[in-house]
Each structure stands twice: as C-alpha cells, then as structure tokens.
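Residue-level structure breakdown
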Amino acid sequence: MNEVPQMDQSNFSLGAAASAVPLAPGQAVANKLIAQKVSVFYGEKQALIDVSIDIRDKAVTSFIGPSGCGKSTFLRCLNRMNDFIDNARVTGSVEMDGVNIYDPSLDPVQLRARVGMVFQKPNPFPKSIFDNVAYGPRIHGLASAKSDLEEIVVTSLEKAGLYKEVKDRIHEAGTGLSGGQQQRLCIARAIAVSPEVILMDEPCSALDPIATAKIEELIDELRENFCIVIVTHSMQQAARVSQRTAFFHLGILVEEGETSQIFTNPREPRTQDYITGRFG
Amino acid sequence: MTDAALEADAGFNRQQDWASEANARRLKKRYAANRRLQIYGLTAIALAIGLLGTLISSLVIEGYKAFYQSKATLEIRLDPALIDPSNLADANYRRIFNTAIEQYFPEVTSPTEKRQLSDIFSNESRYALRDYVVANPGQIGQTVKLKVSLSDPFDQLEKGVIPRYVEALTDAEKARFEFLANRGLIEGRGADAALKVNLFIDPQKVNAADIPSGQFRDIIGDGLRSIVRNSDFVERSFDIIRGDATEVLKAHLIANPGSIGQIIENFKLPLSQHYGTLASGQTPMVFNGRFASEKQFEWLDRLKSQNMVSYPFASELFVNATSRFPELAGLAGAIAGSFYALMVCFLISFPLGIAAAVYLEEFAPKNRWTDLIEVNINNLAAVPSVVFGLLGLAVFLNTFGLPRSVPLVGGMVLALITLPTIIITTRAALKAVPPSIREAALGVGASKHQVVMHHVLPLAMPGIMTGVIIGLAHALGETAPLLLIGMNAFIPSIENIGLLEPATALPTQIYAWADSPERGFVARTSAAILVLLGFLVVMNGIAIFLRQRFERKW
C-alpha cells in the first residue's frame, strides 16, 4: 500500500490499456453511471463534497488520491454499500442507465447484484470454490438446473482466469488458495451474477507483484464486457489498467479525464503535485 | 526559536546512557517485576490445581465405596406351596427368603434372633426375589442361587466405614482418668484396679448402731471432693468407680466399726469395667450400638467363611431410583429428571437465545432502547439463580398453574437462567465473524437476512454451540431454583418418568442425600457428585471438541 512514487512523472510507463479507448466508428461514448452532486455525511462530518462524474461503460475508470480522500466512500455509493453504515447519509443522485439508484422504489439488494464488488482483502466464503462462485447465481435464481449452475461456475472461473488452476479441486475450500488466486476467485464470484458494473476497492493491495500483474491483466480483459471502477493507491496501477482516471482530494473530485491526460498533462496543480509525489 | 523550545529540543536529543548504573538498576527492577508477576501467576495456578485435586481426591476417597456393594449369594428354595403361579407377584416372598437364610443358621430359633438375622440382608431382598420369580416362573419348585445386598450397616461394616466395636470412653473421660492416674491415685490392673481416696467416715452419715443404712455415696462424694473441688468433676468421677463401691465401703465398715469418726486413708474404691481396662493400659471397647447384637457378626463371619459374600460393582447406583435405604438408592431417576429438564431448557433457550442475539447483533438499530436491553441482559446473567427459582415459582406454578416438581417447569426455569449466557456468547460469536464475509455476501447481492442465515450464523455456530453447552452444563448443576419449584421430590420408582411427572434432578438428589442421616448416604453423595462432575466434564469436552473441530481460522 501507499506506494507513493518518488519519481518524475515522465517515468510512468503508460501501458497499452492506458491509451484512449479506441471507439469503433459510429459508436457513441456510453456512460454507464452518472453521479451528480453526490455528498456523503458521516454524522456531522462531510466525507464527500458534491462529486459529479460520468463513468463510461466497457472501460476501466480508476479513482486515485491520498488516504481518506473519499475515493472508497464514493465507490461504495455506487452500489449503496454505505447503507450499512449507521450514521452515513448520502445526498445527490447516481443514475445507472438513466435510473437513480437512490430512488426509494429501487431495491438495493438487486442493485448490488447488478453492481458487483471486489474488496481490498480477498474474502472468499469458507466454502468450496464451486460454492463460492455458485452462491450468487443460487440466491438470484440464475440457474434452474444443476448443469446450468455448473456452466455458470466454469465460465466465471474461466473468465477470471482461474479455471485451469483449480479445475481439479473445484470442491475444495476456497480459503486454501493463495492470495492472488483467492482474489481472482472473488472476481469470479462477482462476475458469476453477470453484473453490469464491477467495483474494485484496492483489489491488489494485499497481493504480491506477480499476483497483482495477473489481476491487472484480468481487469484489462474484463473491460470488454463490464464497466469497471477501481480504487487504487498505486498510481502505476491506475496508469496501467485504466482508461479514465479521477483524482480525489479531501472529499472533492479534483480532476477527472483520460488516464494519459491525467498523468502526463494534469490541469489541476494539486493533481500535478500528487502524481509527482509531493504529497499523499 | 524561543529558549523554551530550544531547551525542549535539547531534552529530546539528550543521549540515554545505556551503560549507566541507573540504567542497570532500572533493568534489574524490570526483571524482578517480570519474575514477580510470573510467580504470582504460578502460585495462583498451583493453588487452584491443589484445591481441585483435594476436592476430587476427597470425593473419590469417600465416593468409591458407593460403586461396589456387599452382597451375599444365597440358595433359595422356591417353595411351590408358597407361590401361586397365577399370581406370582403376590406370594409371601418374605417368608420364602427368611426360610432360606434360616437354613444356614439352624441354631437361630427365637423370633428376636430371626429378626436380627434377616436384618443383615437388605430389605429389598424379598422384592429382588419376587422380580426373579416373575421373570423366571419356570424355576418354581427349584432351588436357585440369588445375590442379595447386605443391609446398609453391614455393607458399611464390610467397607470398613463403621467398626464392630467402638471405644467405650470419650476423650474427656480418658483425660479425667489420666488426671487421677497422674496423681498416683490409681492402683492395680483390670478387675483389681482401684481408686485410692481418703475417706472421712462422718458419724452423722453412718450410725454405728445401724451401719447398713449409712449414706455411703455422700461419704465417697466427700472423699472425691477432697481431690478436686469441683462438683461436676465429682459427679462424673462416680462413673470411674464401680457401682457397688458403696457396698464395698459398707462391708468394710461392718467389718471395722471402729473407723467411724476416723479418716480411712487410701481407701480402695474398685474401678468400673472400662476404667479397669484403661488401668491395664488397654483401650476399652464396646460393641457398636448400630448393630442389634454381636451374634450378627458371628453370622456374617460364617457367611464370609463360606465364601458367600462378594463385592460386585453396584449397578444399583445407576439402575435404581432413590430409596430410603442407601444400599438401594440410585441415580437413575435423578439422571432422567435432569435429562428431561435439560431437554426443555435447550429447546427453549437455544432458539430463543439465538433469535434474540441475532436480532440484537445484526438487525436492531443502535439506540437507547437497544442499549437498555443489552445492559439488562448482561445484568440478568449475574442474577442469582435462586431468584429465577422464585420467579418460576410465582409465574409458572402460581400464575400459570403448572404442576409442581415436574421437569417441564424445571427446564423452563433453567432456560431463564441460561438465556442471558446464551445470548451473550452468541452475540460474541456473531461479532467474531469477520465483516469481510458480510461484505462479500452483500457484494454479490445477498439480502441482510441471507447474509445472516447463509454465512454469519453457520460460521458462528461452533462458538454458539460452545456457549450453549457451557450454559447447559451450568444449568445441569443448578440446585436452588429446582428446590424452589419442588424438583427434589422423593420418587423411588423409575416407572413414571416424563415431562409432567414429579421428578428430581442430579444436584437436588445430591442435596437430598447429603441431608440423609444413614451412613451409606455419605458415600452415595460423593458418588453422585462424581457422576455429576462426570457429566459436566463430558459436556465441556463436547464443547471443546466442537470448538477445535469446526472453528475456522481466518
């Protein structure tokens, strides 16, 4: 964690993924999520101040910023995980495909099936690998027959790049896998319910560099089918995996734009200071 | 920078001299403190183990005698003339049994002796015989061998708990004798032993004309008073001399009428039997008053010399219900009563406790009301169990009119006692489930109740079970509340056992036995405590097993 780059910004290697999303001819820029003036209060304290951002579909958007800047808080607004924090209050609106997810008529449980989430620390259920992935489809009734369920599990594991490694021990405990495998299992679990958006809250912070590389590769593959939002402390990671980057500071969305633009030519001096390691 | 700040800065940069004497002292002090703490801990543990060891060993030493039973194997002829095959249960088994034992002792003829003979055997023997005949009607007319228990005094005699003979004199009596002997006032041995006293033959107490009507007891009393001026001592010293000492004095005065008005020095008053024995340097013993006659010992010895007495495992302790006769008293009724009460307790407190804990921990809003409930639950866990007993008495028996003494009510009261424990341990177990699991389930779109039912509760279950079992073990040992709702009923049969039948429980049985005067119940009480402890150890063992086997490491 807290990999604060000590280097000059020119040392950033912007991976292929970081280049602007090549849009096919005729394809319009599609925004999956549109947040408007989102503020979050924990009791009296305001943790997030009027954040407005459009998040594109079929692309990776990364949130960067120093600790406590509100990027995780904002991420949790996108699938209403903040509902479980007793004194948290959210104002503003977040529209997904034109529907406000804070509308009282919208069921937050179903929303969370559509907006999957991967957490900082790999948290597989203490059950078998199969049951881990099958849990979501089971409770949402996605598979009517056992063979359907098996297909979903296998496909999800394949998409998460884990199937080859675990196909012989799919009924063994998911907690017996290595950290990186566990995190990919969690990703497989998230995509098994066919979400439209996947939120990732520092998914690599508890992993070693090799496992991190695999997850990053996976994220790059997944963006073809999902809208992905990732919170990261590592600016190299943001640069490597995301097409768009948003910089948060003290609860304010300071700057948002194409990743290459944010890292090479930030408009805001605070962004400039942060990515060059002057604070944070 | 100001001067103060400079100074503070200097203080911060001051070098610690790690080799200084002050530092060495500080180090030494720290080591000593470490050692002291360890010694306190070790002492506490040693003390606890020592006390536990003392408790267990004293129970075992006292209680093992209840695990075997002195029995005699008797040949009994099942006289067809005395047994009606159509009504097997109603024959005169007492007579059949007495005939059988009297054949071994043909010399016993008088009714008193016959009764004394049958007193050696347990009162239950005739019922054992009846049960045997009812079970084996084909044996009527045959001679069968049957093992019957000895009655409690003889069982205790065989176990060495009570002796055949006991010391005749108390320590105080021996001390009084010792006092006289040390003054050189005791002379001779055995039957010749005598107490030497100077007697003034007061002419006012003995008329020379009519010596036999003299007040010899007063004269001897005056003489004893001259040894110790203590009327109590004098009165008790009369026990030391023989009852006919006055006759001896009378005979002496008739023979020597000239002594009247004189002082007879060192008059020898003969000692009574036990003190005579004591004067010979032996301990005077008397026949133990618990037994009817010494002949009973002879008869018992004869049975033993014919190898008819054996000491098998006392299955009665586990098979029988309680009884007035310690040799027959068993724990079956109490174990069954405890079992039913615990079942009821479990069925009430387990679902109720878990439901309450899950609601409070997972669903309840955190406000003043839930805080109040939480504080009160914690307080309930500290309420003395006797208070719950009174509550049960007032509510279950008096208000709801449920029957007294029944395991259903006992279990309900025990459930009240265990509920706070179960709620507290369940909440702790639920809290111990890491939040990451909840987040993971919520993240794939599980609802709150799915998170609890599918993940949190199953993961907390080993911890919950541990708490429940420890709560039940606690309930198993509760005595006071059961006494209050009358679950110390005397139920000498195990035929009618059920939720709504009067019953007793293990701890109340122990209480009742500890209160019984018969000597055999002392060992029975210890044995019952061992059985109760055994159950507790097993239950705690299960709790530990569940914890080890199913608890997950994160």
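Rules of the game
Residues numbered from 1 in each chain as written. Chains lettered and ligands numbered in written order. Predicted model: local features only at pLDDT ≥ 70, side-chain atom pairs only at ≥ 80, totals over all residues. Helix = DSSP H or I, 4+ residues; strand = E, 2+ residues; numbered from the N terminus. Rg over C-alpha atoms; globule rule 2.2 N^0.38 Å. Buried ≥ 20, exposed ≤ 12 C-beta atoms within 10 Å, placed from the backbone. Contact = placed C-beta atoms within 7 Å. pLDDT = per-residue confidence, 0-100. Pairing = 2+ DSSP bridges. Nonpolar A, V, L, I, M, F, W, Y, C, P; charged D, E, K, R; others polar. Core = buried A, V, L, I, M, F, W, Y, C linked by C-beta atoms within 7 Å. Axes fitted to C-alpha atoms, helices over the stretch in contact; angles between N-to-C directions. Parallel < 35°, antiparallel > 145°, perpendicular 65-115°, else oblique. Left-handed = near helix turned anticlockwise from the far one by under 90°.

**Quick look at the overall build of chain B**
In terms of regular secondary structure, chain B is built from 22 helices and eight strands. Computed over C-alpha atoms, the radius of gyration of chain B comes to 38 Å, more than 25% over the 24 Å expected from 2.2 N^0.38 for 554 residues, which places it beyond the range of a compact globule. Counting only C-alpha atoms and orienting by the principal axes, one finds that chain B spans roughly 125 × 100 × 50 Å. Considering chain B as a whole, with its 554 residues, one finds that 34% of them fall into the buried category.

**Quick look at the overall build of chain A**
Check the secondary structure of chain A and you find 10 helices and 10 strands. By the burial criterion, 46% of the 280 residues in chain A qualify as buried. Contacts spanning at least 24 positions in sequence make up 71% of the contacts within chain A whose residues lie at least 6 apart.

**Brief notes about the confidence of the model for chain A**
When the pLDDT values of chain A are averaged, the result is 86; 89% of them are 70 or greater. Low pLDDT (under 50) marks residues 1-26 of chain A, which in the prediction has 38 contacts with non-local residues, meaning those over four places away or in another chain.

**Quick notes on the pairing of strand β4 (residues 88-96) of chain A**
All names here are of chain A. Both strand β1 (residues 31-42) and β4 contribute to a ladder of eight bridges, which runs antiparallel. From the neighbouring strand, tyrosine 42 faces β4, where its bridge partner is alanine 88. Pairing analysis gives two bridges linking β4 to strand β5 (residues 99-100), with the strands arranged antiparallel. Counted as the bridge partner of glutamate 95 is asparagine 100 from β5. Where β4 folds back on β5, the antiparallel hairpin that results is connected by two residues, among which aspartate 97 adopts a positive phi of roughly 50 degrees.

**Quick look at the interface of chain B and chain A**
Each partner contributes to the interface: chain B provides 15 residues, whereas chain A provides 20 residues. Elements that contribute at least two residues to the side of chain B that touches chain A include exactly α18 (435-443) and α19 (448-476) of chain B. Taken together, the residues of the side of chain B that touches chain A break down into six nonpolar, six polar and three charged.

**What to know about the sheet that holds β4 of chain A**
Strands belonging to one sheet form pairs held by backbone hydrogen bonds; the direction of such a pair is parallel or antiparallel. All names here are of chain A. Spatial strand order, β2-β1-β4-β5: four strands in an open sheet with antiparallel pairing. Single-partner strands in this sheet number two, and they are β2 (45-56) and β5. Of the pairings in the sheet, the one linking β1 to β2 comprises eight bridges and is antiparallel in character. Paired with valine 38 across the two strands is valine 51, which belongs to β2.

**Some details on the nonpolar core**
Grouped together as the largest cluster of nonpolar side chains are 150 residues, with contacts concentrated most on Ile198 and Ile228 of chain A. Those residues in contact with isoleucine 228 of chain A that sit more than four places away from it in its chain are Val60, Ile198, Met200, Ile219, Leu222 and Arg223 of chain A. Listed in part, the 26 residues of the second largest apolar core include Ala193, Ala245, Phe267 and Ala279 of chain B.

**Focus on helix α21 (residues 506-514) of chain B**
All names here are of chain B. Of all the nine residues making up α21, seven are buried; the element is thus mostly covered by neighbouring parts of the structure. Within α21 the residues assigned to the buried category are Leu506, Pro507, Thr508, Gln509, Ile510, Ala512 and Trp513. Close packing links the buried residues of α21 with α14 (332-363), α19, α20 (480-484) and α22 (520-550).

**Some remarks on the sheet that holds strand β8 (residues 227-231) of chain A**
Residue and element names in this part refer to chain A. Here we have six strands laid out as an open sheet, ordered β6-β7-β8-β3-β9-β10, and mixed in their pairing. Among the strands making up the open sheet, the edge pair consists of β6 (115-118) and β10 (252-258). Geometrically, the sheet is characterised by an average inter-axis angle of 15 degrees between neighbouring strands, direction not taken into account. Relative to strand β9 (residues 244-249), strand β3 (residues 60-64) runs parallel, the two sharing four bridges. Its bridge partner being in β9, isoleucine 64 is matched across the sheet by phenylalanine 247. Each of β6 and β7 (197-201) is contacted by helix α6 (residues 179-191), which is oriented at about 170 degrees to β6, the strand it contacts most.

**Some words on the packing of α18 of chain B against α19 of chain B**
All names here are of chain B. At a minimum axis separation of 10 Å, α18 and α19 run at an interaxial angle of 150 degrees. Comparing the axis directions of α18 and α19 gives the class roughly antiparallel. Like other packed secondary-structure pairs, α18 and α19 cross with a definite hand, here right-handed. Where α18 approaches α19, its residues Ile437, Arg438, Ala441 and Leu442 are matched on the opposing element by Gln450, Val451, His454, His455, Val456 and Leu459. Grouping the constituent residues of the contact of α18 with α19 by class yields six nonpolar, three polar and one charged.

**Section: the packing of helix α8 (residues 216-225) of chain B against helix α10 (residues 245-255) of chain B**
Residue and element names in this part refer to chain B. One way to put it is that α8 packs onto α10 with a least axis distance of 9 Å and a crossing angle of 100 degrees. In terms of orientation, α8 and α10 fall into the roughly perpendicular class. The segment α8 lies against α10, with Phe216, Arg217, Ile219 and Ile220 engaging Ala245, Thr246, Leu249 and Lys250. Its residues placed into classes, the contact of α8 with α10 shows five nonpolar, one polar and two charged.

**Overview of unusual backbone geometry**
Residues and elements named next belong to chain A. Positive phi, normally seen in glycine, also occurs at aspartate 50, with a value near 45 degrees. One can find aspartate 50 in strand β2. Look at aspartate 50 and you get partly exposed, because 15 C-beta atoms sit within 10 Å. A positive phi is found at leucine 250, a non-glycine position, where the angle reads about 50 degrees. Position of leucine 250 among the secondary structure elements: in the loop between β9 and β10.

**Structural notes on the confidence of the model for chain B**
All names here are of chain B. Counting all residues, the mean pLDDT for chain B is 88, and 97% of those residues have values of 70 or more. When pLDDT is averaged over each element of chain B, helix α2 (residues 21-63) comes out on top at 95 and helix α1 (residues 3-13) at the bottom at 56. Quick note on the complex model: pTM equals 0.79, ipTM equals 0.84.

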